[in-house]
Each structure stands twice: as structure tokens, then as C-alpha cells.
Amino acid sequence: MNNKISINLKLFFTFFKIGLFSFGGGAAMIPLIREEAVNRHEWASDDDIVDIVSLSESTPGPIAVNAATFLGKRVSGFWGAFCATLGVILPSFLIIYLIANVLRQFEEVEVVRFAFTGIRAGVLALIVRALLIMFSNVEKGSFSYILMGAAFLCVSFFHCNVLLVILLSALTGIVASWKTKKTDKHQIPDEGRKR
């Protein structure tokens, strides 16, 4: 029982730290989540992180909260999910609560504007790093590149609904994998050909 409590507390404080030091939303948190979950605590593998991020993007809600919930559930069940989710939400809630009333007074201060410009640049770097990590861990092929390019064009240039693009991409991937499995079943193994 104590071991379970210890793991849940570790999940809470790990995700509290991620929530406290991440700027720019869920995508910027992915490298931190990966570092903590894969390298530091060994709760998941790189492939697991890719799956968790894919699920988190495909389900309603912020990606960081969904990723925390999925990872917490995987590590320690319901209470793990609860502690990880609470940990990742709490810093943002507390910070926004504290500065909500005074933010307008500091909006025009030059130092604050420069600080936010620097934070945006850092967030962009974190998002690009997350993209590169995920790209290196997924299966690649002409189908994947075409789907990725089509999704990018639809969202960036034709202003399609992001949720619709995610849904259609998921359905396309399911159909493609189903057809691949069906084709593989009908192929004769090499050993059978030799005989």
C-alpha cells in the first residue's frame, strides 16, 4: 500500500513540475513528459509516448492533461491518473488565479513584452523538438508522408477543421492497416514456396 502511495505522490510531483515549468501548452510539454516518463522514471518507452501523445491529440481536452491521465492510469490505475492530472493542472490554475487581477497593469511594460517574446521562441523550439522525436519513432513510408502532407495542407492553407482532419487521418490509418493485414494474410510464406 505504501508503495502505491509513493508512486502516486511521485506522479503528482513529476507532473506538477512539468506543469510548472512548461510554457506554451501541451505540445511544449511533450519533451518534458518524455524525459520524465522514459529516461528518469522508466514508466514508459518511446513507442508508448508516441501512442500516448496520439491518443491525447485524438481525444477531447488539452493534450498535456490527457497525456498525464493516460500515463498515470498506465502506471498506477485510477489514483495514478488522478494524481498525474491534478499535478499537471494545479500550477497553471494557481498561477492564473494569482495574476488574473494584475495582468492588465503589466501588459504594456516593455520588459514583460520582451519576456513573452522570448518565451514564444522557446516554446517553438520545444514543439519542433517534440515533432522530431515523434517523427523518429513512427513507421515511415510513402503512405505516411502523403497523409502528413495532406493533413498539413488542409489545416494550413485550406483552413479545414482540425478535429475533422484528425478524425479522417485516424480513419484512413485504420483502413490502411486493415487492408495491409488482409493482404499479408493472403500472401504465401517463403517456406511454402520452397516446398
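Please refer to the structure placed before this passage.
So, here is what we can say about the structure in this document. (Residues numbered from 1 in each chain as written. Predicted model: local features only at pLDDT ≥ 70, side-chain atom pairs only at ≥ 80, totals over all residues. Heavy atoms only, no water.)

### Comments concerning the overall build of the protein
- Assigned secondary structure in the protein consists of 9 helices and 0 strands.
- Starting at the N terminus, the α and β elements of the protein follow one another as α-α-α-α-α-α-α-α-α.
- Here the protein holds 195 residues, and 25% of them are scored as buried.
- Across the protein, the fraction of contacts at a sequence separation of at least 24, relative to all contacts at a separation of at least 6, is 57%.
- Entry remark: accessible area of the protein is about 13,800 Å², with carbon and sulfur atoms responsible for 67%. (Helix = DSSP H or I, 4+ residues; strand = E, 2+ residues; numbered from the N terminus. Buried < 20%, exposed > 50% of the residue type's maximum accessible area, 1.4 Å probe, protein only. Contact = heavy atoms within 4.5 Å. Areas by Shrake-Rupley, 256 points an atom, 1.4 Å probe, with all protein chains shown as cover.)

### Some points on the environment of Phe135
- Looking at the element boundaries, Phe135 is found in helix H6 (residues 110-137).
- Separated by 85 residues in sequence, Phe135 and Val50 place their C-alpha atoms 9.1 Å apart.
- Apart from residues no more than four positions distant in its own chain, Phe135 is found in contact with Lys140 and Tyr145.

### Quick look at the nonpolar core
- Formed by 23 residues in total, the largest nonpolar core has its most connected members in Phe15, Met29, Ile33, Ile49, Val53, Leu71 and Val88.
- Those elements that place two or more of their residues in this core are helix H1 (2-21), helix H2 (26-40), helix H3 (46-58), helix H4 (63-99) and H6.
- It is H4 that provides the largest number of residues to this core, a total of 8 residues.
- Aside from chain neighbours lying at most four places away, what touches Val53 is Ile30, Ile63 and Met134. (Core = buried A, V, L, I, M, F, W, Y, C linked by side-chain atoms within 4.5 Å.)

### A word on H3
- End to end, H3 covers 18 Å across 13 residues, agreeing with the expected 18 Å (1.5 Å per residue, within 8%).
- Of all the residues in H3, the buried ones are Asp48, Ile49, Val50, Ile52, Val53 and Ser56. (Expected span 1.5 Å × (residues − 1).)

### Some points on the packing of aromatic side chains
- This model, assessed by the stated rule, comprises 7 aromatic pairs.
- An angle of 80 degrees between the planes, with centres 5.5 Å apart, marks the rings of Trp79 and Phe82 as edge-to-face. Remark: Phe82 and Trp79 occur in helix H4; sequence separation between them is 3 residues, near one turn of the helix.
- An aromatic cluster of three or more residues is present, and its members are Phe12, Phe13 and Phe16. (Phe/Tyr/Trp six-rings, centres within 6.5 Å; stacked < 30°, edge-to-face > 60°.)

Geometric values such as these leave the question of function open.
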